[in-house]
Amino acid sequence: MNLTDIFTNAFSSMSATGRRAEEVVPSKPAVRVKELSERDRRRLLMHFLELNNRDRLLRFGTVLPDEVITKYVQRIDFIRDTLFGVYDSKLRLMGVGHLAFAPRDALPAIHGATNKERVVGFGVSVSEAARGMGIGSKLFERAATHCRNEDVDTLYMHCLATNQTMIHIAKKSGMEIHRDHGEADAYLKLLPRSPASMMQEAVEEQVATLDYDIKANTCAAVKLFNNLRGCKAG
């Protein structure tokens, strides 16, 4: 066997191994978390209205009817609070994280856990079709980084004790969990902000914005193509 045969066989073996690895561990699409603004209010409403009764119960602690969810979205203050979202290729929100900033006295459960003037409550929801992609964890990580950079050292979550997804995220992040009467309170002590944490958030937001712009341009191009094809067919 000459050198050419040896390299050919080695390359074929490596390629086959790579294909087998891809079959065993399929690649997941990257999760880009983007900060939301007033212009996203309509998509926020669509996301929450598409949640089924079980998901509404886990997100809000009760099964809210459509009209109450509509009022909730209308009252969201984008100046006071911070919201993050994960978009799919059609610009539908597949996951939403809501950071609600409040005075320390507003959350008696963690009043003694911080000396800062503000605390933050975190709520998250993920569409049923987007489960298993790590969206909830990514939203939580981005929220924690943002809190650090906003000089908040305590991140709080309240959820039903049956919300195993949120309990898992809380445990994985090292949150201290307290359970009482079927509900769970958890809080995480955050490190102070640093140049690295500020750079991390800035880069993540830039990448997410670029990803959003690409998806928006693709959707616009597809819509234009379909319109032109429709005109020719007519």
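For the structure given in this document, a descriptive report is provided here. It should be emphasised that the depicted structure is a prediction, and the values quoted were computed from it without experimental measurement. (Residues numbered from 1 in each chain as written. Predicted model: local features only at pLDDT ≥ 70, side-chain atom pairs only at ≥ 80, totals over all residues. Heavy atoms only, no water.)

### Focus: the pairing of strand E2 (residues 82–87)
Across the six residues that make up E2, a large majority, six, are buried. Burial of E2 is two-sided: the residues Thr82, Phe84 and Val86 facing one way and the residues Leu83, Gly85 and Tyr87 facing the other way are all buried. Relative to E2, strand E1 (residues 34–35) runs antiparallel, the two being bridged by two bridges. The partner of Glu35 across the bridge, within E2, is Phe84. Both E2 and strand E3 (residues 93–103) contribute to a ladder of six bridges, which runs antiparallel. Looking at E3, one finds that Phe84 is bridged to Gly97. The antiparallel pairing of E2 with E3 creates a hairpin that spans five residues between the two strands, and Leu91 there sits at a positive phi of about 65°. (Buried < 20%, exposed > 50% of the residue type's maximum accessible area, 1.4 Å probe, protein only. Helix = DSSP H or I, 4+ residues; strand = E, 2+ residues; numbered from the N terminus. Pairing = 2+ DSSP bridges.)

### Quick look at the packing of helix H2 (residues 41–49) against helix H4 (residues 66–74)
The geometry of a pair of packed helices is captured by two quantities: the angle between their axes and the separation between those axes. Interaxial distance between H2 and H4 falls to 10 Å at its minimum, and their mutual angle equals 150°. Considering the angle they form, H2 stands roughly antiparallel to H4. Judged by the sense of rotation from one axis to the other, the crossing of H2 with H4 is right-handed. Here H2 contributes Arg41, Leu44, Leu45, Phe48 and Leu49 to the contact with H4, which in turn contributes Asp66, Ile69, Thr70, Tyr72, Val73 and Gln74. (Axes fitted to C-alpha atoms, helices over the stretch in contact; angles between N-to-C directions. Parallel < 35°, antiparallel > 145°, perpendicular 65-115°, else oblique. Left-handed = near helix turned anticlockwise from the far one by under 90°. Contact = heavy atoms within 4.5 Å.)

### Let's talk about a nonpolar patch on the surface
A surface patch of nonpolar side chains, amounting to about 240 Å² of accessible area, comprises Met199, Val203 and Val207. Inspection of the secondary structure assignment puts Met199 in helix H7 (residues 195–233). (Patch = residues over 30% accessible without salt bridge, like charges linked within 9 Å, V, L, I, M, F, W, Y side chains within 5 Å. Areas by Shrake-Rupley, 256 points an atom, 1.4 Å probe, with all protein chains shown as cover. Salt bridge = Lys/Arg side-chain N within 4 Å of Asp/Glu carboxyl O.)

### Focus: the packing of helix H3 (residues 53–60) against H4
Where H3 meets H4, the axes come as close as 13 Å, and the angle between the chain directions of the two elements is 45°. By the angle between their directions, the pair H3 and H4 is classed as oblique. For H3 against H4, the interelement crossing comes out left-handed. Of H4, the residues touching H3 (which contributes Arg56, Arg59 and Phe60) are Asp66, Ile69 and Tyr72. Counted by class, the contact of H3 with H4 contains three nonpolar, no polar and three charged residues. (Nonpolar A, V, L, I, M, F, W, Y, C, P; charged D, E, K, R; others polar.)

### Observations concerning the environment of Glu183
Relative to the helices and strands, Glu183 is located in strand E7 (residues 183–189). With 20 residues separating them in the primary sequence, Glu183 and Asn163 have C-alpha atoms 9.1 Å apart. In contact with Glu183, other than residues within four places in its own chain, are His158, Cys159, Leu160, Ala161 and His178.

### Thoughts on H3
Those residues of H3 that sit buried are Asp55, Arg56, Leu58, Arg59 and Phe60. For H3, the capping residue at the N-terminal end is Asn52, with a side-chain oxygen 3.2 Å from the backbone nitrogen of Arg54. Where H3 terminates, the next one or two residues include Gly61, which has phi positive at roughly 85°. (Polar contact = N/O pair within 3.5 Å; in protein donor to acceptor, adjacent residues only side chain to side chain.)

### Here we look at the pairing of strand E4 (residues 118–126)
Taken across its nine residues, E4 has eight buried, putting it largely inside the fold. Strand direction decides the pairing type here: E3 and E4, joined by nine bridges, are antiparallel. Pairing of Gly97 across the sheet is with Val124, part of E4. Sheet topology places E4 next to strand E5 (residues 154–160); two bridges connect them, and they run parallel. Across the sheet, residue Val120 finds its bridge partner in E5, namely Leu155. Crossover handedness for the path E4 to helix H5 (residues 135–149) to E5: right-handed. (Right-handed = clockwise from strand over helix to strand, strands pointing away.)

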